Amino acid sequence: MISIIIPNYNKSQYIVDTINSVRKQTYKNWECIIIDDFSSDNSVKIIQNEIKDDSRFYFFKNIINKGGSYSRNIGLKKSVGDYILFLDSDDILSNTCLENRILFFKHYK
């Protein structure tokens, strides 16, 4: 399993595209952990709405702004995957990103 960790801070205009790029992966054995870093925009509402029907997504909120590194570390503690992928909340994955990484790891193992 791949654990995808996404810290978010005020990226409401991008986060839906980021979530959708994770959802469209050809490799299906993943979990996605999103940690909101006390956003002041409507990111939390958008994220909760986007992931509510997909049990592969997990959402956590910081009670104060602590920064991206802190949020990534929370994601690491919550993750259960054999592999970790850090993704920013305004990044887009190609549909085969996870599949290609797994193939690469298996080839060079």
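Below is a short write-up of the structure. (Residues numbered from 1 in each chain as written. Predicted model: local features only at pLDDT ≥ 70, side-chain atom pairs only at ≥ 80, totals over all residues. Heavy atoms only, no water.)

Description of the overall build of the chain
Defined as follows: Labels follow the DSSP assignment, with helices taken as runs of H or I lasting at least four residues and strands as runs of E lasting at least two, numbered in each case from the N terminus. Computation of the radius of gyration draws on C-alpha atoms alone. For the globule rule, the value is 2.2 Å times the number of residues to the power 0.38. Any residue under 20% of the maximum accessible area for its type is buried, any over 50% is exposed, and the rest in between are partly exposed; the area is computed with a 1.4 Å probe on protein chains only. Only heavy atoms enter the contact rule, under which two residues are in contact if any of them lie within 4.5 Å. Per-residue and other accessible areas follow the Shrake-Rupley method at a 1.4 Å probe size, with only the shown protein chains counted as cover for residues. Charged-residue counts in this description rest on Lys and Arg as positive and Asp and Glu as negative, His and the chain ends being excluded. We put the charge of a Lys on NZ, of an Arg on CZ, of an Asp on CG and of a Glu on CD.
When its secondary structure is counted, the chain shows four helices and four strands. Against the globule reference of 13 Å for 109 residues, the chain gives a C-alpha radius of gyration of 13 Å, in line with a compact fold. Principal-axis analysis of the C-alpha atoms places the extent of the chain at approximately 45 × 25 × 20 Å. Within the chain, the fraction of its 109 residues that count as buried is 39%. Relative to all contacts within the chain whose residues are 6 or more apart in sequence, the contacts with residues 24 or more apart total 82%. Carbon together with sulfur atoms contributes 51% to the accessible area of the chain, which is approximately 6,400 Å² in total. Of the charged side chains in the chain, 15 are positive and 13 negative; the average position of the first set lies 4 Å away from that of the second.

A few points about the nonpolar core
For soluble globular proteins, the rule of thumb is that nonpolar side chains tend to be buried together. Note the following rule: Buried residues of nine kinds, namely Ala, Val, Leu, Ile, Met, Phe, Trp, Tyr and Cys, make up a nonpolar core once their side-chain atoms join them within 4.5 Å.
In this structure, Ile 4, Ile 6, Val 22, Trp 30, Cys 32, Ile 34 and Phe 57 are the most contacted members of the largest nonpolar core, which totals 20 residues. For this core, the elements supplying multiple residues, two or more each, are strand 1 (2-8), helix 1 (15-23), strand 2 (30-36), helix 2 (43-51), strand 3 (57-61) and helix 4 (97-107). The contact partners of Phe 57, leaving out residues within four places of it in the chain, are Ile 19, Val 22, Arg 23, Trp 30, Cys 32, Ile 34 and Ile 51.

Here's the deal with the pairing of strand 1
So the rule is basically this: In this scheme, strands are said to pair when DSSP sees at least two bridges between them. With the strands aimed away from the viewer, a crossover counts as right-handed if its path from the first strand over the helix to the second runs clockwise.
Where burial is concerned, most of strand 1 is hidden: seven out of the seven residues are buried. Both faces of strand 1 are covered, namely the face carrying Ile 2, Ile 4, Ile 6 and Asn 8 and the face carrying Ser 3, Ile 5 and Pro 7. Here strand 1 pairs with strand 2 via seven bridges, running parallel. Counterpart to Ile 4 in the pairing with strand 2 is Cys 32. Once the chain exits strand 1 it traverses helix 1 before rejoining the sheet at strand 2, and the crossover so formed is right-handed. In terms of strand pairing, strand 1 meets strand 4 (residues 83-86) through four bridges, oriented parallel.

Notes on helix 1
How we decide: By definition, the arc is the one covered by directions from the helix axis to the C-beta atoms.
Of all the residues in helix 1, the buried ones are Ile 15, Thr 18, Ile 19, Ser 21 and Val 22. The buried side chains of helix 1 occupy one side of the element, clustering within an arc of 160 degrees when seen end-on. Turning to helix 1, the residues buried within the fold contact strand 1, strand 2, helix 2 and strand 3.

Some points on the pairing of strand 2
Counted residue by residue, strand 2 has seven buried out of seven residues, so it is predominantly covered. Across the two faces of strand 2 the burial is the same, with Trp 30, Cys 32, Ile 34 and Asp 36 and Glu 31, Ile 33 and Ile 35 all buried. Following the chain from strand 2 across helix 2 to the adjacent parallel strand 3, one finds a crossover that is right-handed.

Notes on the pattern of salt bridges
Definition in use: Basic side-chain nitrogens of Lys or Arg form a salt bridge, by our definition, when they fall within 4 Å of a carboxyl oxygen of Asp or Glu.
One pass over the full model with this rule turns up four salt bridges. For Asp 54, the salt bridge is made with Arg 56, and the minimal N-O distance between the two is 2.9 Å. With a closest N to O distance of 2.9 Å, Arg 72 and Asp 88 form a salt bridge. With Arg 72 in helix 3 (residues 68-78) and Asp 88 in the loop between strand 4 and helix 4, this pair connects stretches of sequence that are 16 residues apart. Linked by salt bridges that have partners in common, Arg 23, Asp 54 and Arg 56 make up one network.

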